[in-house]
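# Observations on chain architecture
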Amino acid sequence: MRFRAKIVDLACLNHFSRTINTIAKLAKTCILRLTVCKLYFILSDKVANGGASMWCELSQGNFFDEFQMEGVAAELNEIYLEFVPENLWRALKTAQSAKAVKIKLTNKHCPCLRVAVELPSLSSSSRIVTHVIPVAVIPRRMWNDFREPSMPDFDVSIYLPVLKTMKSVVERMKNLSNFIVIEANLSGEMNLKIETDLVSVTTHFKDLGNPLWASEDGCQSSAQGRDLESMAEACIDIKKLQQLLAGQQVNPAKALCNIVHKRIVHFILLHEEVSLQYFIPAIA
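Residues numbered from 1 in each chain as written. Predicted model: local features only at pLDDT ≥ 70, side-chain atom pairs only at ≥ 80, totals over all residues. Heavy atoms only, no water.

## With respect to the nonpolar core
- Counting 75 residues, the largest nonpolar core has Phe 3, Phe 41, Met 54, Leu 192, Leu 241 and Phe 267 as its most contacted members.
- Structurally, this core is a two-domain feature, drawing no fewer than three residues from each of domain 1 (2–145) and domain 2 (156–281).
- What Phe 267 contacts, discounting residues up to four positions off in sequence, is Leu 160, Ile 182, Leu 241, Leu 244, Leu 256, Cys 257, Leu 276, Gln 277, Tyr 278 and Ile 280.
- Counting 8 residues, the second largest nonpolar core, distinct from the first, contains Ile 31, Tyr 40, Trp 55 and Trp 143. (Core = buried A, V, L, I, M, F, W, Y, C linked by side-chain atoms within 4.5 Å. Buried < 20%, exposed > 50% of the residue type's maximum accessible area, 1.4 Å probe, protein only. Domains from an automatic or database assignment. Contact = heavy atoms within 4.5 Å.)

## Observations regarding helix H4 (residues 238–246)
- Of the residues making up H4, those classed as buried are Ile 238, Leu 241, Gln 242, Leu 244 and Leu 245. All buried residues of H4 project into a common sector of 160° when viewed along the axis, lining one side.
- Where H4 begins, the side chain of Asp 237 points an oxygen toward the backbone nitrogen of Lys 239, at a separation of 2.8 Å. (Helix = DSSP H or I, 4+ residues; strand = E, 2+ residues; numbered from the N terminus. Arc of directions from axis to C-beta. Polar contact = N/O pair within 3.5 Å; in protein donor to acceptor, adjacent residues only side chain to side chain.)

## Re the packing of aromatic side chains
- Counting across every chain of the model gives 8 aromatic pairs.
- Cation over ring: Arg 33 sits above Tyr 40, and NZ or CZ is 4.4 Å from the ring centre. (Phe/Tyr/Trp six-rings, centres within 6.5 Å; stacked < 30°, edge-to-face > 60°. Lys NZ or Arg CZ within 6 Å of the ring centre and 35° of its normal.)

## Topic: the domain arrangement of the protein chain
- Here the domain parsing of the protein chain yields domain 1 (2–145) and domain 2 (156–281).
- Spacing between the C-alpha centres of domain 1 and domain 2 amounts to 29 Å.
- Of the roughly 1,700 Å² buried where domain 1 meets domain 2, counting both sides, 59% is carbon and sulfur surface.
- Linking domain 1 to domain 2 there are 5 residue pairs in polar contact (both at pLDDT 80 or more).
- Elements with a minimum of two residues in the side of domain 1 that touches domain 2: helix H1 (10–26) and strand S4 (53–59).
- A class-by-class count of the residues in the side of domain 1 that touches domain 2 yields 8 nonpolar, 9 polar and 3 charged. (Buried area = accessible area lost by both parts, 1.4 Å probe. Nonpolar A, V, L, I, M, F, W, Y, C, P; charged D, E, K, R; others polar.)

## Some thoughts on the sheet that holds strand S16 (residues 254–260)
- In space, the 9 strands of this open sheet follow the order S10-S6-S2-S3-S4-S18-S17-S16-S11, with antiparallel pairing throughout. Each of the sheet's edge strands pairs with one partner strand only, and the pair in question is strand S10 (136–137) and strand S11 (156–159).
- Bridge count for S11 against S16 is 4 bridges, and the pairing is antiparallel. Bridging from a neighbouring strand, Ile 158 pairs with Cys 257 of S16.
- Across the sheet, H1 is in contact with strand S2 (30–34), strand S3 (38–44), S4 and strand S18 (274–281); its angle to S4 comes to roughly 170°. (Pairing = 2+ DSSP bridges. Axes fitted to C-alpha atoms, helices over the stretch in contact; angles between N-to-C directions.)

## A closer look at the pairing of strand S13 (residues 190–195)
- The buried count for S13 comes to 5 of 6 residues, which makes it a mostly enclosed element.
- Summarising the sheet, strand S12 (residues 179–184) and S13 pair through 4 bridges and their orientation is antiparallel. Note that in S13 the partner of Val 181 across the bridge is Lys 193.
- Taking the residues that link successive antiparallel strands as the turn, the S12-S13 hairpin has 5 residues, and the phi of Gly 188 there is positive, at about 75°.
- As paired strands, S13 and strand S14 (residues 200–205) are joined by 6 bridges and run antiparallel to one another. Each bridged residue has a counterpart across the sheet, and for Met 190 the counterpart in S14 is Phe 205.
- Remark: 4 residues form the turn of the hairpin made by S13 and S14, two consecutive strands paired antiparallel.

## Some remarks on the side chain of Asn 191
- Within the secondary structure layout, Asn 191 lies in strand S13.
- Within the local environment of Asn 191, its side chain forms a polar contact with the side chain of His 204, the two groups lying 2.9 Å apart.
- Residues within four places of Asn 191 in sequence aside, it is in contact with Val 181, Ile 182, Glu 183, Thr 202, Thr 203, His 204, Phe 205 and Met 231.

## What to know about the pattern of salt bridges
- According to the stated counting rule, one finds 8 salt bridges in the structure shown.
- The partner of Glu 78 in a salt bridge is Arg 33, and the shortest N-O contact between them spans 2.9 Å. Of the two residues, Glu 78 is situated in the loop between strand S5 (66–70) and strand S6 (79–83) and Arg 33 in strand S2; the sequence distance between them amounts to 45 residues.
- For Glu 78, a relative accessible area of 16% corresponds to the buried category.
- A salt bridge links Arg 90 to Glu 86; the shortest N-O distance between them is 3.4 Å. Of this pair, Arg 90 and Glu 86 both sit in helix H2 (residues 85–93), 4 residues apart, which is roughly one turn of that helix.
- The exposure class assigned to Glu 86 is partly exposed, which follows from its relative accessible area of 28%. (Salt bridge = Lys/Arg side-chain N within 4 Å of Asp/Glu carboxyl O.)

Written as structure tokens, this is what we have:
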């Protein structure tokens, strides 16, 4: 089992660092799944226990100048590692003006990701700062726990407003309640609501637009035939929503939200070369 990669391009390095920062805000620990073409960052807290889950994927060719890996076996050319994304982000933070960053899976005393940051120096020799990030290798028998989550059969799918605007609304509401109701319909309307014994606050968004989805059999999901004005809603943990919005340093190219009435809210954020799915279960 081997893995080594190198980033030389500064724009790619900064983009990768921003992605890891987003993940670090959403997950204290997560699974890194390595394949020949892609990297996946996976958080699968059991939704039944009220935990959120995340699926983030990026193509290695868009970030790395060199990328080599050998999985556990020829027919299973993958590696699954558990690690703390905050540690990787801290290592990458030191690399903002680096000439190159090399990442390698090593096993000196325990499995680790070794991040070597080559910094520019005034002399001919370069300075190299090395960070060692402990990882746990996930055994093959547990890989099925980390498969891509299936798309929920949603009642409403809607494009999100500008995330910065949404973030400032949610931050103000967070001081009033631990829970927020997201409701939306198929006429491009979405409301963020807080209701407590003392206060009731609603922010309305209009003309957001609704994506069109086709399922495998060519029909749309359960949203098909639904009254366009009828709202689907879910009450969720406001902190989890705030974490998602706080992690977005740049507005994604596309951001949308699928609501399964009173069950789950599924966010999809598409940046260039990175797609992030985040599932927040509803609170009964």
